[in-house]
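Results of the structural survey
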Amino acid sequence: MITFGCIGCGNMGSAILGGLESQKNVSLIGYDPSGNVPCTACDSNIELAKQADIIMLATKPDYVESVLEAIQPALSEDKVIISIAAGVSMETLMKYSGGKCPVVRCMPNTPAMVGEGIFAFCFEDPALTEKQQTAVLTMFEQLGQVMVLPEAKFNAFTAIAGCGPAYVLYFIEAVTEAAVSVGFHRNEATEMAINLFKGTTKLADDSDLHISQLREMVCSPAGVTIAAVNHMDRTAVRGNIIDSIFEARDRGIEMSK
Ligand SMILES: NC(=O)c1ccc[n+]([C@@H]2O[C@H](COP(=O)([O-])OP(=O)(O)OC[C@H]3O[C@@H](n4cnc5c(N)ncnc54)[C@H](OP(=O)(O)O)[C@@H]3O)[C@@H](O)[C@H]2O)c1
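Anyway, here's the lowdown on the structure attached to this text. (Residues numbered from 1 in each chain as written. Predicted model: local features only at pLDDT ≥ 70, side-chain atom pairs only at ≥ 80, totals over all residues. Heavy atoms only, no water.)

1. A few points about the overall build of the protein
The condition is simple: What counts as a helix is a DSSP run of H or I of at least four residues, what counts as a strand is a run of E of at least two, and both are numbered from the N terminus. Only protein chains enter the accessibility calculation, which uses a 1.4 Å probe; a residue is then buried when its area is under 20% of its type maximum, exposed when over 50%, and partly exposed in between. In these tables, accessible area is a Shrake-Rupley quantity obtained with a 1.4 Å probe, and a residue counts as shielded only by the protein chains included in the view. For this count, His and the chain ends are skipped, Lys and Arg are scored as positive, and Asp and Glu as negative. For this purpose, a charge sits on NZ of Lys, CZ of Arg, CG of Asp or CD of Glu.
In terms of helices and strands, the protein carries 11 helices and eight strands. Over its C-alpha atoms, taken along the principal directions, the protein stretches across nearly 70 × 35 × 35 Å. A total of 257 residues make up the protein; the buried ones form 35% of that total. Of the roughly 15,000 Å² that the protein leaves accessible, carbon and sulfur atoms contribute 56%. A distance of 2 Å separates the average location of the 18 positive side-chain charges in the protein from that of its 30 negative side-chain charges.

This is how it looks when you write it as structure tokens:
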């Protein structure tokens, strides 16, 4: 039995705890100052750190250093700390945990809240054993897609998958506004836009065809879809999406200096 403890049970912490709920051989504990914990609640962070084999830090980044200092006396090399705090480096995690226990940096995205997340893991702490890596991966593989990345790629991953839900939702909003503009009721328009994305991503996922071929299938010669796609090309929608992701990556690099 592995005890998984979550420090900070807000949006992300609760979502991950919810996803792990059904896992066999995993017992869940949590601490949050509000007392709102979706599993067995501990009285303090240090109490949680004493009991847990895997300790997830899911507070806002500003609290990570003080939480790590507070739990240091309870840490040992057979435990693992996983931090999901955006922008908090491996160097900071190792420094504030005093080298007393291996640390893992992780970046989730919000679809983790519905069991469809993408998680990047950095396993660059030499103190982390292969057995501990496997335990972490096995646990998170059931919550979505799991990728092991060097820390140097975290800003790029964040700009694509971490920020990505905002880009997709932005596109869904735009389609909804267009549908409202041509006369659909807002509820109808929203449902239509969401199902459009749901159905298309399922098609892309299930099909053996490349996504470009799937798009070409909709673009009949001299038809209505090719007129829209040509307009997107003339107004550089694709180039602007790529540049927007580069902006996010560059902002991440700037913030982590
Ligand atoms: N949300 C995202 O899209 C996303 C994506 C990737 C990574 N992350 C990372 O995930 C982390 C959590 O984000 P979130 O959106 O879940 O934030 P959140 O909803 O604000 O949750 C953080 C929780 O930690 C609690 N907390 C504050 N101080 C604490 C302490 N000393 N000990 C234990 N718990 C404490 C907060 O309580 P109070 O509210 O009472 O202060 C709150 O309930 C952040 O570091 C963020 O960078 C988030």
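2. Points about the packing of aromatic side chains
In this description, an aromatic ring pair is defined by two values, namely the gap between the centres and the angle between the planes. Threshold: Note on ring pairs: Phe, Tyr and Trp rings are taken, using the six-membered ring of Trp, and paired if centres are within 6.5 Å. Classes follow the plane angle, with under 30 degrees stacked, over 60 edge-to-face and the rest tilted. For a ring to carry a charge above it, either NZ of a lysine or CZ of an arginine must fall within 6 Å of the ring centroid while also lying within 35 degrees of the normal to the ring plane.
The full count for this structure, using the stated rule, is six aromatic pairs. Ring geometry for Phe 121 versus Phe 123: centroids 5.8 Å apart, planes at 20°, classification stacked. Residues Phe 121 and Phe 123 agree in their burial class; the two are buried. Residues Phe 171 and Phe 197 carry aromatic rings whose centres are separated by 5.6 Å and whose planes lie at 65° to one another, so their mutual orientation is edge-to-face. Of the two residues, Phe 171 sits in helix α7 (residues 164-181) while Phe 197 sits in helix α8 (residues 186-206), which places them 26 residues apart along the sequence. By way of ring pairs, the aromatic residues Phe 4, Phe 119, Phe 121, Phe 123 and Phe 140 are connected into one cluster. A cation over a ring is seen here: Arg 249 above Phe 246, with NZ or CZ 4.9 Å from the ring centre.

3. Section: unusual backbone geometry
Within the chain, Ala 222 stands out as a residue other than glycine whose phi angle is a positive 55°. Mapped onto the elements of the fold, Ala 222 is located in the loop between α9 (211-218) and α10 (224-234). Ala 222 sits in the exposed class, given a relative accessible area of 83%.

4. A few points about the nonpolar core
The following threshold applies: Only buried Ala, Val, Leu, Ile, Met, Phe, Trp, Tyr and Cys residues count toward a nonpolar core, and they belong to the same one when joined by side-chain atoms within 4.5 Å. We call two residues contacting when some pair of their heavy atoms lies within 4.5 Å.
In terms of nonpolar packing, the biggest core is built from 30 residues, with Leu 48, Ile 55, Leu 68, Ile 71 and Ile 81 touching the most fellow members. Of all elements in the fold, only β2 (26-31), α2 (45-51), β4 (54-57), α3 (64-71), α4 (90-96), β6 (103-107), β7 (117-122) and α6 (154-162) reach the threshold of two or more residues within this core. For this core, the element with the most residues is α3, which contributes four residues. Sequence-distant contacts of Ile 71, defined by excluding residues within four places in its chain, comprise Ile 7, Asn 45, Ile 46, Ala 49, Ile 55 and Ile 81.

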